Every structure is written in C-alpha cells, then in structure tokens.
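# An overview of the molecular structure
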Amino acid sequence: MTEKSEENPTRPGRLRNGNRTGNPNAAPRCGARTRAGQPCQGPAMANARCRMHGGTSTGPRTAEGLARVRKARTRTGLHTLEMRKLRAEVAEMRRWARDARERT
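So, a few notes on the structure that sits alongside this text. Here the structure is a predicted model, which is why all the values come from computation and not from measurement.

Following the criterion strictly, the structure yields 0 disulfides and no others. Cys 50 supplies the cysteine sulfur nearest to Cys 40, a cysteine that is in no disulfide, at a spacing of 3.8 Å. You can call Cys 50 buried: its relative accessible area is 4%.

Examined against the element boundaries, Met 45 turns out to sit in the segment before α1 (63-73). Residue class for Met 45 comes out partly exposed when judged on its relative accessible area of 24%. In sequence terms Met 45 and Arg 29 are 16 residues apart; their C-alpha atoms lie 8.7 Å from each other.

Conventions we followed
- Residues numbered from 1 in each chain as written.
- Predicted model: local features only at pLDDT ≥ 70, side-chain atom pairs only at ≥ 80, totals over all residues.
- Heavy atoms only, no water.
- Disulfide = S-S within 2.5 Å.
- Buried < 20%, exposed > 50% of the residue type's maximum accessible area, 1.4 Å probe, protein only.
- Helix = DSSP H or I, 4+ residues; strand = E, 2+ residues; numbered from the N terminus.

Limitation: the analysis is restricted to geometry and does not speak to function.
Structure, rendered in structure tokens:
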C-alpha cells in the first residue's frame, strides 16, 4: 500500500458548485457574455451558467408568493406600513428644518 503523498497527484478531487467529479477542464462552460464581449469560460452549474453569471432571483410572481414575501419581510418591522409612514414624517421634518435654516 502506498502513502498519501505518493498517490497520483494528477487525480482530480471533488468539484464545487454542483459540477461532476473528474477533469475540471471537461466541465461544460458558462458561455455568458463578459464585459470584454467574449463568452465566459467558467465552469457552468446546473442552471448552465457559472457562479458569477447565475443571475439573481427575479422574485415571486404569483399572488401567493408575494403575500409570503410581504409576511416574511415584516419580521423586523422595518418594512411595515407604520414604519414607512414614520420615515416619511421624519423626512418631512428634516426638510422643514433645512428650509427654516435657509430662511434665517
């Protein structure tokens, strides 16, 4: 039996981001257009894009999904109707104070 240090150093290990084990050079490529206008050469994930070009979520589309998000986002209280009104009032007071300073 051989020691770990004597194992074949070219044998690839596990790949990240959902890619299959094996030769990372044989992984499918992303292909998204880069800033330079060339196709991206990063290894693609399951959605056919690399981790950089995978895209962000477009958010919920159904009424049920929107309701779920509204309920989840109010957990901290920062996005409730009451807090939005309070922030608007504070902004109005700041505008009033700035205008009062400018008048004097």
